[in-house]
Structure formats: structure tokens, C-alpha cells
Amino acid sequence: MSFSPCFERSLRAGRSLLSRPRAITLAAFALLGAPALQAQTLMAPVMVNGTRFSQDALTLPFGVSVINAEDIARSGVITINQAISKLLGVQTRQDLSGGADDALDLRGFGVTSGSNQIVIVDGLRLDEGDTSGARLAGIAIDTVERIEVLRGSGTVLYGEGGTGGVIIITTKSGAGPGRNMQGQVYGSAGSLGTRELRANVALSQGEFSLDVAANQRQSDNYRDNARSDVKGASIAGQWRRDDLRVVLRHSRDELDADLPGSLSAAQYSANPKQATTPDDHGNIRSSRSSVLAEARLGEVELAFDAGVRDKALRSIYSGYAYDYDVNASNQALRARYQSVIGGLQNSLITGLDTSKWKRATAFGSAEQTSRALYARDELTLASGTRLSAGVRRESIDKTNSDAQGLNGHQNAWELGVVQPLSAAFSAFARVGDSYRLANADEYNFTSPKAVLQPQTSHDTELGLRWRVDASKVELRVYRNQLKNEIGYDPNAIGPFGAGANINFEPTRHQGAELELSHALSKTLQLRGNLAWRDARFQSGAYADKQVPLTARRTASVGADWQIAERHRLGANLFYASARHPDFENSCRMSPYATLDLRYAYQVGTAELSLGVVNVADHRYFTQAFSCQAGVTESIYPEAGRVVNAALRWRF
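### Notes on the overall build of the protein chain
Consideration 1: If you tally the helices and strands in the protein chain, you get six helices and 35 strands.
Consideration 2: Here the C-alpha atoms of the protein chain give a radius of gyration of 24 Å, agreeing with the 26 Å that 2.2 N^0.38 yields for 651 residues.
Consideration 3: Here the C-alpha coordinates of the protein chain stretch approximately 65 × 55 × 50 Å along the principal axes.
Consideration 4: Counting the 651 residues in the protein chain, one finds 55% classified as buried.

If you want it as C-alpha cells, here you go:
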């Protein structure tokens, strides 16, 4: 997320996609080793909510990555964004607000990544109707039960803006089963004046359960005038009887931060810790309330989600105030009917989504409403082959008091297949179309008399997965052919000179992803996420140029080692290749690699830990917004080495 939309404005197929996956697959199986390939015991199903109802991840015709509460706790990450980046290898860019809410980029969309992926929290969409993006750092990490990242388009089931993928967050109150009486307290202190305190408790009595959590994190952060203070609290009550469940939730969070501004190349070289805007600061207050009702009637499952959300931002930039208020509401009614047709298993999912979003500033207001119907059917043949088809029709209306609005109907579709090759192997494929419309910050800042057209994408994905015992390998190759991709072009003719949001000439986003995990022994677990991507303009003024701020290669490799009965050691290495800050690709941001280490000692129900982030004290940056005479400018430096000591007590 960012405090102001202004921050966000500032393949070729020379190598075969098939040759890379082949090489990566061979390397993966070499790492896992022949003994593992001979194992016969299959893993227990990994249940995910990717189709808006619980389903085994192995049966889906698209890639999905999953981490749970234990994975998160062992890693020592402090936010959802960090968990997705460090454990699942997703490319990130620095959070300009200093609130540890780094921007995520699933498949190479650069500064518009937040508008090309969808965030779902406990069944409800969290995305904004502008460029500020979904704020995840306000969700206490200890309340999270599971994080799913759907790789590739989620438009059919979740709506516009899902070409890059969907991030699904399920809290412990939303996980389903009744909660046992338990709780934990976490406290930490470390470098850069960082202090954090988190606590959560689950109470249970008969058919009722209650989850309560609170958290606060304060830090001076790496740079001058970069202090941040994040605090939040949540409560959820649940009632469950037989095939009925009702959950009520409410949460609040606040971020107060100083804003150090960007640095020139000379300033970065001289002192990366300095601030160029010593008086800038901002504050964000958010609240969310929601209700979930679930029921099973024979072979029919019904679910209804409804929620309201408020966000207030107050900030000062170089002496100028920028404030706004957001009010949003969502409703989602869905059903799944499982039956037998001609001796074949069939599952039909249908649903209705409605949403309303409004932003008010001192200069005007913007509104967005949408209504959508969708259906997805999945048929399992006698051979085990799974065939799926889905469609969505969405009516969208966007208005702005300062500019002409957008409205109309958009359609998405997809076809998928999962083909078992053996008890452990399966192949999958999916093809479809997705879409998005310009958001409130895009369609009111265009070239004179220009009307932004809907962005559309033809999406293709192929994959191979293998799972046995505690080992798994999943390889995915994908291609998104986009027309009218929406983004900010600093060289376009704008309303006040150079710079405007436009529809680009055709672009292509394609790549390969490899995800693997393997238990070398009962005490040593390895994991890895490797990605190669190519996001490129196909024609026009930037023909054959890479989309800015997209790294062609990223890798996250980690290990979790129980070195003795009470001693655990964790390590994670993250690598990102070079990227360009500009459309002409005349500047280059250096590649970087960071190593994180964590040691934990268990004493009864308490855990003492010591973590070191960026052990080598590597100097690098992930955000930069301009290029002058071949030199990268407008730099936002990342932190150097950070040490943190923590105590976690579970009861």
C-alpha cells in the first residue's frame, strides 16, 4: 500500500518456455533424490478454498501455494506480506509508508500489480478501488490460520483485476472447526528501535467460541524520519451446531508513520539513511466488520458473507495535506451442489457477488459498484480425469466527480483439466479470458479526451505436480496475452503536461514457476520457490521493452532443521535479478540476495528465538521511479542487517 496514488505514477520468445521447465524439473528431482521417488505413501490432502469452497489442492487445474500457521510461526515473519515473499518467493517492492506492508507482484505487473491481483480475507474481497492497494499489515499475523496464493487468473470466481492471481487469507476464526481453549503471547525487541507485542486467545464453551487478538509494533526503521507505529485488535465469535455455522468478526488497526521520501543516486551513495522530506508523515485508521453463515442441506452447501469496511488517511507531503476517507461493503452468496451424473461425480458452484466502494477527498469523490453472477462446474470421469468450466458476467459502474466515469458489462471464462498420470503424478491445464477496468486514480488522469478501454487478457497455464510422503514438486508455465493493459506512462501527453494513464499496446506476461519441498529426514525440511518471468511490450513506442520494476528471475530457498530436541534452526535465502525503473529500460536496478537466519529454543510451552535479517548487511533497493542520463533516481533504500530477539509463550 502507499499513502498517495502519486507514488504509483512516478518475452520476447528468444528462449523456449519448454526448455526451462525441463531443466528445472530435472534439477528438482535430483535434489529430492531417488529414495524419495520410490516412496509409496501419499500425502494427506491439502484442503484449500481456491474455488470458494474447501477442495483438495491436487484436484485444481491451476497452481496454488499454501502456508499455514505453523509455517508462519517457525519462520519468524511479522506480516502476511513477508510470509508470502519469504516462504513462497513472491516478488515484492518496499512499502513506502514504513508499515512493513510491502507491495506483492505475483506475475510481473510492476507498479500496477495491486490492481491485477485480488486479496480475499475470510471470504470477502479487500481490494481498494484506487491505486493504494490492499492493506494486509493491519491483520495480526498470529490470527492467520492459512494463506493460499492462487497462481494465475482468478477472475471467473473472484471478479475484475484477477489476471495475476488471488491471495486468500483465512483467519483462525474462519478456518471452520470449533476453536479449542488456547492462546499465546509474543514479545520481541531488536535493531532500529523495534519493539513488538502480540497476544491472542481462543475461548470455547459448548457450541460457542471466541477469538480475541491484539498487537502493536513500533520501530524507528532504517532511515531518518521513518518511524512507524502499527497497532490493531480483533474479535470474532462463532456458533456451530451440526451442519450450521455463524461467525461475527470485527477488527481495527492503525498505522502512524513518518515518511522519509526518495533519494537521488548521489544521496543514496553518500548516505542511504538520510531523509529528504523530514517533516512528512501520515496516519491510516481502518476497521472491518463481517458476518459469515454456512449451512449444509444434504448434498448442497450454502454460504453467505457480508462485510463493511472503513479507512481514513491523513497525511502531509512537503507542506501539503492529502486526506481521504473510504467506505466499502461486500456481499457474497454462494452454493455448491455435489451429485452423481451417469455414474460420474459432478460438482457445481454458483454465486452472486455485490460490492460498493466510495472514496471522499477535499477535492471530490469517487464511487464504484459491481454485481456479478458466476458458475463453475467440475466433472470427474471414471479414469480420474477432472474437467472444469467456468463463466462470470459482471456489471461495473465507476463514477468520479472530477472526470468521466466508466460502466458496462464484462465477461470471463475458463476451461480446465486435471489428468492423473499415476498415484503421485498429475498434469493440469487451464485456458480462459480475464479483464479489469481502470480504477479511480487511473481514469481521471488521462490524455485529453481519452477514455481508457477495458484491459483484457487471454490466459494459458500448464503444469505438472508430484506429491509423495512429505515431498512435493509443482512446475507451472503460463502466458497472459494482454490487450489495452492499463498503466501510467510518464511520456504520454497528460492533463498537465507529460504523464498520463493510458492503454498500452499489446503486452505479454509469461514465465515458469517451480515449487518444491522435501524432508531429507524427520528433522530437516527443505523448500524452494523458483520463478522465471518475462513481462514485455509487444509493439508501440516500447516494443520489446520489459515492464518496469519486474525482475526476470526470483528464488526463495529455505531450510528448517530440528538440530536437537529443543533446538531449531531456520534459514531463508531470497534472490531477485535486475529490473528496470523506466519504460525505455535505459536504467538498471542491481540484483540482490538476502540471507535470513533464525534460532529457536523450546522451554516447555515457551520459545526463545533470535533472528537476523539480511545477515550479510547487503545494500539494495526494490523501489525506484525515474531514470536520468542512464542513472537510476528516486530511490527508496531497503534496510541493512536487522537483529531481533523474541519470546513466544503458548498456553
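### Comments concerning the packing of aromatic side chains
Consideration 1: This structure, assessed with the given rule, holds 14 aromatic pairs.
Consideration 2: Taken together, a centroid distance of 5.7 Å and an interplanar angle of 50 degrees make the contact between Phe537 and Tyr542 tilted. For the pair Phe537 and Tyr542, a shared accessibility class is recorded, and that class is buried.
Consideration 3: Connected via pairs of aromatic rings, a cluster forms that spans Phe504, Phe537, Tyr542 and Phe583.

### Thoughts on empty space enclosed by the protein
Consideration 1: A volume near 500 Å³ is recorded for the second largest cavity.
Consideration 2: Along its surface, the second largest cavity is lined by 39 residues, and Asp122, Thr171, Arg249, Ser251 and Arg288 are the ones closest to its centre.
Consideration 3: Listing elements by their share of the lining of the second largest cavity, those giving two or more residues are β7 (124-125), β11 (194-205), β12 (208-219), β13 (228-241), β14 (244-258), β15 (281-297), β16 (300-317) and β17 (320-341).
Consideration 4: Across the lining of the second largest cavity, the residue classes break down as 14 nonpolar, 15 polar and ten charged.

### Structural notes on the sheet that holds β7
Consideration 1: Taking strand neighbours across the sheet as the criterion, the five strands line up as β3-β8-β9-β6-β7 in an open arrangement whose pairing is mixed. Edge positions in the sheet fall to β3 (63-68) and β7, since each has one partner strand and no second.
Consideration 2: Summarising the sheet, β3 and strand β8 (residues 144-151) pair through six bridges and their orientation is antiparallel. Paired with Ser65 across the strands is Val149, a residue of β8.
Consideration 3: The sheet strands contacting helix α4 (residues 80-88) are β3, β8 and β9 (165-171), and the helix crosses β8 at an angle near 55 degrees.

### Focus on a nonpolar patch on the surface
Consideration 1: A cluster of nonpolar side chains, contributed by Met181, Leu203, Leu210, Val212 and Ile235, occupies part of the molecular surface with about 410 Å² of accessible area.
Consideration 2: Looking at the element boundaries, Ile235 is found in strand β13.

### Observations regarding the side chain of Asp229
Consideration 1: Following the sequence through the fold, Asp229 ends up in strand β13.
Consideration 2: We classify Asp229 as buried; its relative accessible area is 12%.
Consideration 3: At 3.3 Å, the side chain of Asp229 and the side chain of Gln218 are in polar contact.
Consideration 4: Here the side chain of Asp229 touches Lys231 through a polar contact of 3.5 Å, side chain to side chain.

### Some thoughts on the layout of surface pockets
Consideration 1: If you add up the space inside the second largest pocket, you get close to 750 Å³.
Consideration 2: Lining the second largest pocket are 34 residues, with Asn49, Ser54, Ala175, Arg245 and Glu294 sitting closest to its centre.
Consideration 3: Elements with a contribution of two residues or more to the lining of the second largest pocket: β8, β9, β14, β15, β16 and β17.
Consideration 4: Classifying every residue of the lining of the second largest pocket gives 13 nonpolar, six polar and 15 charged.

### Overview of the pattern of salt bridges
Any two side chains of opposite charge can pair, on the condition that their charged atoms come close.
Consideration 1: Summed over the entire model, instances satisfying the criterion amount to 51 salt bridges.
Consideration 2: For Glu513, the salt bridge identified is with Arg107, shortest N-O distance 3.0 Å. With Glu513 in strand β27 (residues 507-519) and Arg107 in the loop between β5 (103-105) and β6 (118-121), this pair connects stretches of sequence that are 406 residues apart. By the burial criterion, Glu513 is buried, and Arg107 matches it.
Consideration 3: With a closest N to O distance of 2.2 Å, Arg568 and Asp560 form a salt bridge.

Definitions and cut-offs
- Residues numbered from 1 in each chain as written.
- Predicted model: local features only at pLDDT ≥ 70, side-chain atom pairs only at ≥ 80, totals over all residues.
- Heavy atoms only, no water.
- Helix = DSSP H or I, 4+ residues; strand = E, 2+ residues; numbered from the N terminus.
- Rg over C-alpha atoms; globule rule 2.2 N^0.38 Å.
- Buried < 20%, exposed > 50% of the residue type's maximum accessible area, 1.4 Å probe, protein only.
- Phe/Tyr/Trp six-rings, centres within 6.5 Å; stacked < 30°, edge-to-face > 60°.
- 1 Å grid on protein atoms, 1.4 Å probe; cavity = no way out; pocket = protein on both sides within 12 Å on 5 of 7 lines; lining within 4 Å.
- Points joined across faces, edges and corners; volume = space filled by probe spheres on them.
- Nonpolar A, V, L, I, M, F, W, Y, C, P; charged D, E, K, R; others polar.
- Pairing = 2+ DSSP bridges.
- Contact = heavy atoms within 4.5 Å.
- Axes fitted to C-alpha atoms, helices over the stretch in contact; angles between N-to-C directions.
- Patch = residues over 30% accessible without salt bridge, like charges linked within 9 Å, V, L, I, M, F, W, Y side chains within 5 Å.
- Areas by Shrake-Rupley, 256 points an atom, 1.4 Å probe, with all protein chains shown as cover.
- Salt bridge = Lys/Arg side-chain N within 4 Å of Asp/Glu carboxyl O.
- Polar contact = N/O pair within 3.5 Å; in protein donor to acceptor, adjacent residues only side chain to side chain.

Nothing here speaks to function; it is all geometry.
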